[in-house]
Amino acid sequence: MRLTRYFLPVMKETPAEAQIASHRLMLRAGMIKQNAAGIYSWLPLGLKVLRNIERIVHEEQQAAGHLPILMPTLQPADLWRESGRYDAYGEELLRIRDRHERDMLYGPTNEEMVTDIFRSHVESYKALPLTLYHIQWKFRDERRPRFGVMRGREFLMKDGYNFDLTKDDAIHAYNRHMASYLRTYERMGLKAIPMRADSGPIGGDDTHEFLVLAETGESEVFYDKAIEDLHLGDRAIDYADREQLEGIREEWTTPYARTDETHDPALYEAIPEERRVQGRGIEVGQIFYFGAKYSEPMGATVIDAEGNRAPVHMGSHGIGVSRLVGAIIEASHDDKGIIWPEAVAPFGCGIVNLRQGDAETDAACEDLYAKLSAAGAEPLYDDRNERAGAKFNTMDLIGLPWRITVGPRGLKDGLVEVTCRKTGETEEMSPEAAAAKIATVFAGI
Ligand code: ATP
Ligand code: MG
């Protein structure tokens, strides 16, 4: 993309309404525009990041054997009357009436709807196990929408639902979700710690939240520092292998890690003092096992091998897709701007032309642009007639992982500069070597 052809409404001033870094930076970098309290438009740069996050979530869910569907945002209230949640959910539920006076709602979650799909089509245990998920906008009329996309009223969530014959099978689904979530967050460059959680209005007796550590997080967290050293890394996960998944769950849930809602001071104090960590975190996901909570009242049953009919065991599992954009920025920025991890960066590399209009410099930039585009590194070429300082500030603010700086002085010696946004390190090399270096980074992504 050429910057002169792009829509990147960056702001010089720090917006007064934004209290935390991610919100400030998303506004300043022209990623989002607020339309109403907790409701945002995603501008081109923001949308690219959101889509990258979605793509990783889709890939990891499908690797775990979960099937994508797409359910609507608007739901009939009658489904929610069946589960009893139409009255129980409270003021966060946006209730709407259509022209025929039918009660509708803008879905804050989809347990009822997916259970309805299941009961309409599944009769036999032979169709199980089954996990359906979607990535769809949700609405919760939050009392205090704030921190930009971190606590919006309209927000994008991945929500998945497992249907299983037995509790054992449903726990296997739970473990699949735990492992796939760990991998998902790691791929985004995040450390998200599963913490034992409270079940809240969705209900359930087995549940973990995934928290990204950040001072600005809304949850208070207590954990054993040992958990920070756990990584899935590139170990192969076989999602059909119950033992392996149980092992992963054990590994991540043995060290103490809880939010203030479930915190147990006696257990916490049993951790050696030097390993006790108390801090704050951002909830980026949650998994639940809740048995027959929805399948029983809604009549979602299957016939087992002996011919008996019983409600299916279910769980639901959510990832805060739009919240993750903010959470990644909270975890990765400096005083100049955002520092995108390569896997979610809106563009892989910036090209800064220091002398727009100089034939040789322009030609070198065009050549790099073509090579990087062909290599899948998605360059953003700053081809504006601007001072170098302004170009650097924009690149630092929008946080592309790499920058290639091209100017007449360097070109005289056959050199351009390659700068890493994260470390600030700059290396001089030939344009060919620069293109090859960036291409190698993005070859694996
Ligand atoms: P919170 O405690 O932050 O209100 P929740 O526990 O009510 O969230 P869940 O029902 O677990 O939310 O939803 C799954 C995920 O969706 C959460 O882990 C979070 O990442 C995201 N999420 C929930 N509410 C919002 C919101 N208002 N804005 C953005 N993301 C949200
Ligand atoms: Mg939650």
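Here's what I pulled together on the structure shown here. (Residues numbered from 1 in each chain as written. Chains lettered and ligands numbered in written order. Predicted model: local features only at pLDDT ≥ 70, side-chain atom pairs only at ≥ 80, totals over all residues. Heavy atoms only, no water.)

Some details on the packing of aromatic side chains
Evaluated as defined, the whole model comprises eleven aromatic pairs. Taking the centre distance of 4.2 Å and the plane angle of 5° together, the rings of Phe 118 and Phe 163 count as stacked. Residue Phe 118 is found in helix H5 (residues 111-121), and its partner Phe 163 is found in strand E8 (residues 154-164); the two are separated by 45 residues along the sequence. Here Phe 118 matches Phe 163 in class, with each residue buried. Residues Tyr 181 and Tyr 185 carry aromatic rings whose centres are separated by 6.2 Å and whose planes lie at 80° to one another, so their mutual orientation is edge-to-face. (Phe/Tyr/Trp six-rings, centres within 6.5 Å; stacked < 30°, edge-to-face > 60°. Helix = DSSP H or I, 4+ residues; strand = E, 2+ residues; numbered from the N terminus. Buried < 20%, exposed > 50% of the residue type's maximum accessible area, 1.4 Å probe, protein only.)

Regarding empty space enclosed by the protein
A complete count under the given rule lists one cavity of 30 Å³ or more for this structure. The calculated volume of the largest cavity comes to roughly 50 Å³. In terms of lining, the largest cavity is formed by Tyr 40, Trp 42, Trp 137, Val 149, Glu 154, Phe 155 and Ser 322. Among the secondary structure elements, those contributing two or more residues to the lining of the largest cavity are strand E2 (39-42) and E8. A breakdown of the residues in the lining of the largest cavity according to their chemical character gives five nonpolar, one polar and one charged. (1 Å grid on protein atoms, 1.4 Å probe; cavity = no way out; pocket = protein on both sides within 12 Å on 5 of 7 lines; lining within 4 Å. Points joined across faces, edges and corners; volume = space filled by probe spheres on them. Nonpolar A, V, L, I, M, F, W, Y, C, P; charged D, E, K, R; others polar.)

Regarding the sheet that holds strand E6 (residues 103-106)
Strand order in the open sheet formed by three strands is E4-E6-E5, with antiparallel pairing between adjacent strands. The open sheet has two free edges, formed respectively by strand E4 (74-76) and strand E5 (94-97), since each of these has just one partner strand. Between one strand and the next, the sheet's axes are offset by a mean angle of 35°, whatever the strand orientation. (Pairing = 2+ DSSP bridges. Axes fitted to C-alpha atoms, helices over the stretch in contact; angles between N-to-C directions.)

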